[in-house]
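# Structural features, examined
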Amino acid sequence: MCKKYTIVYSKHSVEISQQRRTDLVYKIPYSDIKSKKYGFDILNPFIVYILYGRNNHGKDFIYVGKSKNGLATRPSSHEDKCKCWTTCYILTEQKERTFLNDGTIQYLEDKLCKQINTLGVYNNTTSTTTSGTANESDKNSCDLYLDEVEDMLNILGLDLFT
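Residues numbered from 1 in each chain as written. Predicted model: local features only at pLDDT ≥ 70, side-chain atom pairs only at ≥ 80, totals over all residues. Heavy atoms only, no water.

### A short note on the overall build of the protein chain
Test applied: Per the convention used, a helix needs a DSSP run of H or I reaching at least four residues, while a strand needs a run of E reaching at least two, with both numbered from the N terminus. A contact between two residues is defined here by any heavy atoms of the two lying within 4.5 Å. With residues, only the protein chains shown are counted as cover, and all accessible areas are computed by Shrake-Rupley using a 1.4 Å probe.
Helices and strands together make up the secondary structure of the protein chain, namely 3 helices and 7 strands. For the protein chain, the succession of helices and strands along the chain, N to C, is β-β-β-α-β-β-β-α-β-α. Along the longest, intermediate and shortest principal axes, the C-alpha atoms of the protein chain span 40 × 35 × 35 Å. Contacts spanning at least 24 positions in sequence make up 68% of the contacts within the protein chain whose residues lie at least 6 apart. On the protein chain, roughly 8400 Å² of surface is accessible, and the fraction owed to carbon and sulfur atoms is 47%.

### Focus: the pattern of salt bridges
The condition is simple: Any carboxyl oxygen of Asp or Glu that lies within 4 Å of a side-chain nitrogen of Lys or Arg is treated as forming a salt bridge with it. Remark: exposure states derive from per-residue accessible area (1.4 Å probe, protein chains only) relative to the maximum for the residue type, with buried under 20%, exposed over 50%, and partly exposed in between.
What the rule picks out here adds up to 7 salt bridges. Taking the shortest distance from any N to any O, the salt bridge between Arg54 and Asp60 comes out at 2.7 Å. Looking at Asp60, the relative accessible area reads 14%, which means it is buried. A salt bridge links Glu136 to Lys139; the shortest N-O distance between them is 3.4 Å. Here Glu136 and its partner Lys139 are both found in helix α3 (residues 136-155), 3 residues apart, which amounts to about one turn of the helix. Since its relative accessible area comes to 54%, Glu136 is described here as exposed. Lys139 sits in the partly exposed class, given a relative accessible area of 24%. Three or more residues joined by partner-sharing salt bridges are found here, namely Lys3, Glu148 and Asp151.

### A few points about the pairing of strand β3 (residues 23-29)
We apply this condition: In short, DSSP must find at least two bridges between two strands for them to pair.
Counting buried positions over the 7 residues of β3 gives 6, a clear majority of the element. Across 4 bridges, the pairing between strand β2 (residues 13-18) and β3 is antiparallel. Counted as the bridge partner of Ser17 is Leu24 from β3. Hairpin connection from β2 to β3: 4 residues lie between these consecutive antiparallel strands, with Arg20 at a positive phi of about 65 degrees. In the sheet, β3 pairs with strand β6 (residues 85-93) via 7 bridges, with the strands oriented antiparallel. Among the inter-strand pairings, Ile28 is bridged to a residue of β6, identified as Cys88.

### A look at the packing of helix α2 (residues 102-119) against α3
Packed helices, taken two at a time, are described by the angle their axes make and the gap between the axes. Spelled out, the test is: Axes, fitted as lines to C-alpha atoms, cover a helix only where it is in contact. Angles between the N-to-C directions of the axes lie from 0 to 180 degrees. Any angle between 65 and 115 degrees counts as roughly perpendicular, while under 35 counts as roughly parallel, over 145 as roughly antiparallel, and the rest as oblique. Crossings are assigned a handedness: left-handed for a near helix turned anticlockwise from the far helix by less than a right angle, right-handed for a clockwise turn. Three residue categories are used. Nonpolar comprises Ala, Val, Leu, Ile, Met, Phe, Trp, Tyr, Cys and Pro, charged comprises Asp, Glu, Lys and Arg, and polar comprises the others, including Gly.
Look at α2 against α3: their axes get within 10 Å of each other, and the N-to-C directions meet at 50 degrees. The angle between α2 and α3 falls in the class oblique. Helix-helix and strand crossings are classified by hand; for α2 and α3 the assignment is right-handed. Contacts from Thr104, Tyr107, Leu108, Lys111 and Leu112 of α2 reach α3 at Asp138, Lys139, Cys142, Asp143, Tyr145 and Leu146. Residue composition of the contact of α2 with α3, grouped by class: 6 nonpolar, 1 polar and 4 charged.

### A short note on α2
Since the α-helix packs 3.6 residues into each turn, any two residues three or four apart lie on the same face. Rules: The length a helix should cover is 1.5 Å for every residue beyond the first. Pairs of N or O atoms are called polar contacts if they sit within 3.5 Å, as long as, within protein, a hydrogen donor faces a hydrogen acceptor (for residues adjacent in sequence, only side-chain-to-side-chain pairs).
Helix length check: α2 (18 residues) gives 26 Å between terminal C-alpha atoms against 26 Å at 1.5 Å per residue, within 8%. Looking at α2, one finds that the buried residues are Gly103, Thr104, Ile105, Gln106, Tyr107, Leu108, Glu109, Asp110, Leu112, Cys113 and Ile116. Looking at the buried side of α2, the elements it contacts are β4 (47-54), β5 (60-67), β6, β7 (123-124) and α3. The residue sitting at the N-terminus of α2 and contributing the capping side-chain oxygen is Asn101; that oxygen lies 2.9 Å from the backbone nitrogen of Gly103. Following α2 by one or two positions, Gly120 adopts a phi angle in the positive range, close to 70 degrees.

What follows is the structure, encoded as structure tokens:
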């Protein structure tokens, strides 16, 4: 089945969503994250973010994090892990009728981190995640969510699944 996506550009940032779904994925330059000029109002405070950068030797670096306070401080507080962040991918949902909460974003962060580690393609600078924070129903919702956002991340240039 062919999926249809809506892609919206604002300044240097991109928002992608699938028609008739609440999933949202953003691609925002890291410099815009630091200056708090995202180009979009990301209303849901529950987010999972992936920082991406490449060092001078061509090695790809990743950091996976989560925030229950949106973009307020977390995504821009990891320069100790890598000085070369160029892009921040934000995984969230529309604020209304969201399944995201503190437990589900911890589950998503942990699952993404483990997936990245099994790939062996990126230098994953994430040192700690928490597991066991979601019930079975929430885990199922998270797994379905990851199935959907996988394609959206690929469209935006980040392949975490092959």
